[in-house]
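If you want the building blocks of each chain, they are given just below.
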Amino acid sequence: TNTQMDIGGVTLTANTTFQAGTGASSIIGLGVVTGGGFDLTVVADEIDLNGNITSAGAAVALRPGSTGQDIGVGGADSGVSTTLDLTTTDLGTLQNGLGSITIGLAAGTGKLTVNGAVTFNDPVTLISNGAGASIVLSSTLSGLDNASVTLTAPTVSMNAATVETAANIITLNT
C-alpha cells in the first residue's frame, strides 16, 4: 500500500518498526526519536529524518519498501521518486552511541549510491545484495569514533571516492 506517515516525537518502549508500504507515496517523516536502547526499523520508499535519533547501543535500520528501489546516501534530495534519498541532513540526525546503522535491504535489487560525503559515528552497513544490485561510491564515506564500515552487494564500485575509518574495520562483501 502507499501510505504517507508523519510521526512526531516518539519515545520507544520496545523494538519498533515504522512501515509505510511501497511506491511513490510511501513516505515516512520521522521527528525526534528517543530509543531507550530499543531497536528502530524504518521502511518506506522515501524517509525524511527530521529530528535526532538516539537509542544507546540499539540497531537502526533504514530500508526501502520496494526491493528494486534505488537508494541515495548523502548529498541532497534527488527529487526522483524511484530513489530513497537519505540526505546528509537526514543522516546527521543519527546521534553517536547507536549500536549499528544499516541502510538498504539484503534482498534489494536497486543501486545504492553514496552521492555526497557522509560521516557515521557508529558501525554502518550499506547493503543491496539482490540479483543485479550494486553499491557505487561517488563521494567519501567516513567512519569516526567506533564506526566500522561494511559494504555488501554483488558489485561495489568506487568512482574517485574513499572509505576511511578511525582505525576500524572496512569490510567489502561481494
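A. Region of the structure containing the sheet that holds strand β17 (residues 141–143). Taken in spatial order, the three strands of this open sheet run β14-β17-β20, and their pairing is parallel. A single partner strand is all that each edge strand has here, and the edge strands are β14 (118–120) and β20 (163–165). Direction aside, the axes of adjacent strands within the sheet are offset by 15° on average.

B. Layout of the sheet that holds strand β9 (residues 59–63). As summarised here, the arrangement of the seven strands in space is β3-β6-β9-β12-β15-β18-β21, forming an open sheet in which the pairing is parallel. Strand pairing shows two members of the sheet lacking a second neighbour, β3 (16–19) and β21 (170–173), which therefore form its edges. Ignoring strand direction, the axes of neighbouring strands in this sheet form an average angle of 10°. Direction of pairing for β3 relative to strand β6 (residues 40–43): parallel, over a ladder of four bridges. Among the inter-strand pairings, Gln-19 is bridged to a residue of β6, identified as Val-43.

C. Geometry of the side chain of Thr-41. Structurally, Thr-41 can be placed in strand β6. Residue Thr-41 is classed as buried on the basis of its relative accessible area of 14%. Apart from the residues lying within four places of it in its own chain, the contact partners of Thr-41 are Thr-16, Thr-17, Phe-18, Ala-61 and Arg-63.

Thresholds, definitions, all that
Residues numbered from 1 in each chain as written. Predicted model: local features only at pLDDT ≥ 70, side-chain atom pairs only at ≥ 80, totals over all residues. Heavy atoms only, no water. Pairing = 2+ DSSP bridges. Helix = DSSP H or I, 4+ residues; strand = E, 2+ residues; numbered from the N terminus. Axes fitted to C-alpha atoms, helices over the stretch in contact; angles between N-to-C directions. Buried < 20%, exposed > 50% of the residue type's maximum accessible area, 1.4 Å probe, protein only. Contact = heavy atoms within 4.5 Å.

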